[in-house]
Amino acid sequence: MRNLTLSVFAVALTLPSLPALGSDMPRDDSGRKDALTLWGVQFEELEYRYSDDDEEVGVWNGDAFYGTDELKFRWQSKGEYAIAEQAYEKLENQLLLQTPVSDFFDAKAGIRIDTPEGPDRTYGVLGMTGLAPHWFEVDASLYVSDEGDTSAEFDAEYELLFTNHLILSAALDATVAFSEDREIGVGKGLVSTETGLRLSYDLIDRSFSPYLGVVHERKYGDTADFAEAEGGGTEDWFAVIGARVSF
Amino acid sequence: MKKALMAGALGLLMPVIAAAGEYNITVDRVMIDTGDFVKEGIGYNGASPGPVLRFKEGETVTINVTNNLDEPTSIHWHGLILPYQQDGVPGISFDGIPAGETFTYEFPIVQSGTYWYHSHSGFQEPNGAYGAIVIEPEGREPFRYDREYVVQLTDKHPHDANRVMRNLKMMPDYYNRQQQTVGDFFADISKHGFMTTLQDRLAWGDMRMMKADVEDVQGFTGLINGKGPEQNWTGLFEPGERIRLRFINSSAMAYFDIRIPGLEMTVVQADGNNVQPVTVDEFRIGVAETYDVIVRPKIAEAYTIFAESMGRSGYARATLAPEEGMEGPVPELREAPLLTMADMGGMPGMDHGDMTADASGSMEGMDHSGMDHGAMIMVEGGASDPFYAEGSGLVPVAANGGKFLSYADLRAQNPLYEEREPTREIELRLTGNMERYSWSINGVKYEDAEPLKLQYGERVRFKFVNETMMTHPMHLHGMWSILDVGAGEWNPVKHVISVQPGTTVYMETEVDAPGQWAFHCHLSYHAASGMFRKVVVEGGPDQGNTAGVEVAKDGGDT
């Protein structure tokens, strides 16, 4: 659509000078001179989790993008669905614009909308994402909620190649809150971490890679106290089975 | 289906009909069967590759190209010297050929040798739209042969080219299955010691570069004249005959190392121009290059034409035999090469000047982020070639330990131009960002670039500085690329100049063709992601048209 608009615009620009051109002048409808516009969909995690407390959870963490090297629109979605309770423990969608700021890093900005079971929140998002030296994929975001609370999230992932198809990936996700939001159970300070180890096998190219893994979730400080007060746990171990998917 | 069949039948009749310089080509959807997979693609006269077009030097050819696709197409006559309006690059030479329409090309044939043609629209070429051109010379050739075959290579991928591009943009290592593993780490430790191995990995990790990044797009099946290794294209011969093999690399991405175990090859032509004969055991053919070699099998045996990709992720295979059905032994693929720090020599901000200058390959005295590169893992054996960085991991070595062709061996048979001083030098840094899979010239992608302006009548010296870790086959349309091998007037005349990582290569061009031309890396996915330029030749006999070109640049989106 954008290409079409651009072409029409270009043709319109050319029109007044047409008489001077003669009939054999080339007109570029090949699109080569336009920025390459691409799309993609990826699920880093699409999995079933079974906890040491016999809790069953369906989890996804994925994103879809559309855009050019210079500017991408990205829709990022994360969810945790408690199967017994039939309720979303976590449901988070981010709508982001992303642009390069260095060879290996992009800046991103947008909004995050949380609509899990319980109170909703909307956040403004500012962040950086990219590849750090030694092949660590990192992502850092700063959030300001509609309640005025600020928090930050840091993600890192590293892949170890046992073979070119059998890959162990280690992921760490940590959240820090700069103020308390009691209503959603978030205390000031280190809020929670999620650490995962997943052993995957690239079955169909890199578009379908089933994996087995283990995930550890932990809450800290006031956040842990709030969880305990509500009768919840503060630490969980999960066995996970799922697949990395991209198309 | 019926249409395809009819088109196919027409294709068979082509050589009969096409006398007197008139040719008809249809552009069709075709099925491509590699033996490993069957894939829909684009072909000419119902097949991929298209028919071999045989022209005669001195004739004027008329070629009617009918587009049976539901999208625009074009045909570029790769390496042919012709008026720019006939060059077949949509948006630069002409408007392209809309779906369902016929475009008539007409141009004089002013050269001889082996060339090829392909679509210059979107990714039609990697999807199958290519064929060979053979031009018979007016005069006698400086070598003799009894029979000849076109040997046209490609790297056919099971994925549609648009999908390949998208995957590379999403994950630049999407197709790279030669990355170093935990196993390689321990193997290196036992070979080089723990500290050396660790420092080596840290140095590469620090740059976020992969040693194994030699072939971006793996998973292809190498084809020769449209046949996969199992389908085994076969050329017949009688023992004692001289056979001229016209090698053309029509790949999207793959360089091939070619050998025929048991036979020496005498290289007589490069990119359509005769060179002083040089006998080799093996040669590397860059994307879009052509080499003509003469072989002389003396006994009635089957010989394998074996073409390993430079990154050893795939191969093409064919056979020369006294009769159909005979097969020679097919060699194993050799070990995949790994890049070295020398191949990173061109990276900006890395002072590796010492490395390339120091013929001993010693890396002492280098200081990079406190790393002691003296301890890094280097290639052993010390094969060298002036067209590769000193200590490069990519320097080719003949499988039988014999002679491997180098650019440095190429000498023109007859100088095409009088030797003269270039009027100016233009530096073109070949740049890119592997992680983003974006490629550019002087750091600017085509979409943001102004055309490169040349003056008719000047002789330009181009200085290619490869700042990336990939090899780039640079192709200037419409005018010859005289490769500087240090032989003065005997420098070979080419249309593609392969520039290896971490090297600087010079070529000179006599600017003798007015109009506007494409100039790009011939790796399909590098060209499409920005390593492309429009060249405008100002002045010259075709002044009127060139003036028009200027207006188009200002007003139009070309």
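Above this text sits the structure in question.
Residues numbered from 1 in each chain as written. Chains lettered and ligands numbered in written order. Predicted model: local features only at pLDDT ≥ 70, side-chain atom pairs only at ≥ 80, totals over all residues.

(A) Representation of the nonpolar core within the structure. Ranked by internal contacts, the top residues of the largest apolar core, which has 141 residues, are I133, V151, V267, V293 and I305 of chain B. Once you skip the residues sitting within four places of it in the chain, I305 of chain B turns out to touch V151, I224, I258, I260, R317, A318, T319 and L320 of chain B. (Core = buried A, V, L, I, M, F, W, Y, C linked by C-beta atoms within 7 Å. Buried ≥ 20, exposed ≤ 12 C-beta atoms within 10 Å, placed from the backbone. Contact = placed C-beta atoms within 7 Å.)

(B) Molecular detail of the packing of helix α3 (residues 182–192) of chain B against helix α4 (residues 194–207) of chain B. Residues and elements named next belong to chain B. Running from N to C, α3 and α4 cross one another at 130°; their axes reach a closest spacing of 7 Å. Considering their axes alone, α3 and α4 lie oblique with respect to each other. Seen from above, α3 lies across α4 with right-handed handedness. Contacts between α3 and α4 pair F185, D188, I189 and H192 from the former with F194, T196, T197 and R201 from the latter. (Axes fitted to C-alpha atoms, helices over the stretch in contact; angles between N-to-C directions. Helix = DSSP H or I, 4+ residues; strand = E, 2+ residues; numbered from the N terminus. Parallel < 35°, antiparallel > 145°, perpendicular 65-115°, else oblique. Left-handed = near helix turned anticlockwise from the far one by under 90°.)

(C) Quick look at the sheet that holds strand β1 (residues 22–33) of chain B. Residues and elements named next belong to chain B. With mixed pairing, 4 strands are arranged side by side in an open sheet as β2-β1-β4-β6. For this open sheet the edge positions go to β2 (38–44) and β6 (102–108), each flanked by a neighbour on one side alone. On average, each strand axis in the sheet is inclined to that of its neighbour by 20°, with strand direction left out of account. As paired elements, strand β4 (residues 60–67) and β6 share 7 bridges and run antiparallel to each other. Bridging from a neighbouring strand, V65 pairs with F103 of β6. (Pairing = 2+ DSSP bridges.)

(D) Spotlight on helix α3 (residues 221–229) of chain A. Residues and elements named next belong to chain A. Buried residues of α3: T223, A224 and F226, and no others. End-on view of α3: buried residues confined to an arc of 160°, all on one side of the axis. More than 90 degrees from the buried face of α3, the exposed residues found are E228 and A229. Buried residues along α3 sit against β10 (189–201) and β11 (208–219). G231 sits one or two positions beyond α3 and adopts a positive phi of about 85°. (Arc of directions from axis to C-beta.)

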